[in-house]
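Topology and contacts: notes
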Amino acid sequence: MNWLEFALLHAEAPHTVRVDGTEVGPCLVNERVIFCPPDTVAAPGAQVTLPGGRAVRVRDAIFMDSCGTGLPEHLQLDIESGGRNSDGHRYCQAGRSTARRNDRSA
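Reference entry: report on the structure contained in this document. Treat the numbers as computed from the prediction; the structure is a model and nothing was measured.

Regarding the overall build of the protein
When you go through the protein residue by residue, the secondary structure sums to one helix and eight strands. Secondary structure elements in the protein, listed N-terminal to C-terminal, are α-β-β-β-β-β-β-β-β. Counting all 106 residues of the protein, 38% fall into the buried class. The long-range fraction of contacts in the protein, counting pairs at least 24 apart against all pairs at least 6 apart in sequence, stands at 47%.

Looking at the packing of aromatic side chains
Within this structure, the stated rule accounts for one aromatic pair. A ring pair is formed by tryptophan 3 and phenylalanine 6, whose centres lie 5.5 Å apart and whose planes are at 35 degrees; its orientation type is tilted. With tryptophan 3 and phenylalanine 6 both in helix H1 (residues 3-10) and three residues apart, this pair spans about one turn of that helix.

A few points about unusual backbone geometry
Of the consecutive residues glycine 25 and proline 26, the connecting peptide bond is found in the cis state with omega at 0 degrees. The topology assignment puts proline 26 in strand E2 (residues 22-29). Phi is positive for aspartate 20, which is not a glycine, with a value near 45 degrees. Note on placement: aspartate 20 falls in the loop between strand E1 (15-19) and E2.

Comments concerning the sheet that holds strand E5 (residues 55-64)
Here we have six strands rolled up into a closed barrel, ordered E1-E2-E3-E6-E5-E4, and antiparallel in their pairing. Direction aside, the axes of adjacent strands within the sheet are offset by 45 degrees on average. As judged from the two bridges shared by E2 and strand E3 (residues 33-36), these two strands associate in the antiparallel manner. Bridge pairing links valine 29 to isoleucine 34 in E3. Strand contacts of H1: E2, E3 and strand E6 (74-79), with the helix running at about 50 degrees to E2, the strand carrying the most contacts.

Description of the pattern of salt bridges
For the structure on display, the rule yields two salt bridges. Ionic pairing is found between arginine 18 and glutamate 23, a salt bridge with its closest N-O pair at 3.2 Å. Between glutamate 80 and arginine 59 there is a salt bridge; the shortest N-O distance is 3.8 Å. Of this pair, glutamate 80 sits in the loop between E6 and strand E7 (82-84) while arginine 59 sits in strand E5, and the two are 21 residues apart along the sequence. Arginine 59 matches glutamate 80 in its accessibility class, with the two residues each being buried.

Thoughts on the pairing of E3
Hairpin connection of E2 to E3: three residues between the antiparallel strands. In terms of strand pairing, E3 meets E6 through four bridges, oriented antiparallel. What sits directly across from phenylalanine 35, in E6, is glutamine 76.

The rules behind the values
Residues numbered from 1 in each chain as written. Predicted model: local features only at pLDDT ≥ 70, side-chain atom pairs only at ≥ 80, totals over all residues. Heavy atoms only, no water. Helix = DSSP H or I, 4+ residues; strand = E, 2+ residues; numbered from the N terminus. Buried < 20%, exposed > 50% of the residue type's maximum accessible area, 1.4 Å probe, protein only. Contact = heavy atoms within 4.5 Å. Phe/Tyr/Trp six-rings, centres within 6.5 Å; stacked < 30°, edge-to-face > 60°. Pairing = 2+ DSSP bridges. Axes fitted to C-alpha atoms, helices over the stretch in contact; angles between N-to-C directions. Salt bridge = Lys/Arg side-chain N within 4 Å of Asp/Glu carboxyl O.

This is the structure in structure tokens:
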């Protein structure tokens, strides 16, 4: 199963987000985590604009291998929400993941 098939199967409506101005999708958007296609490039600190227009920052970007789990490869973005970013939007910190860091952001 590839990422597109997975996203369409596990979400009522996969979303498109903007990472530093570039459209990325389909994504599965959770309160503090965004699951993106595996070729997504996002570094910690990158601004992500959510489907509703709210801007948040990437706290950590982790490339997730399928590792025999039946899940396709994807990029997990742990995002901040609560406090305020430079645009005045509120964000709070998500917990750090212990998964392997995304080497693609360099």
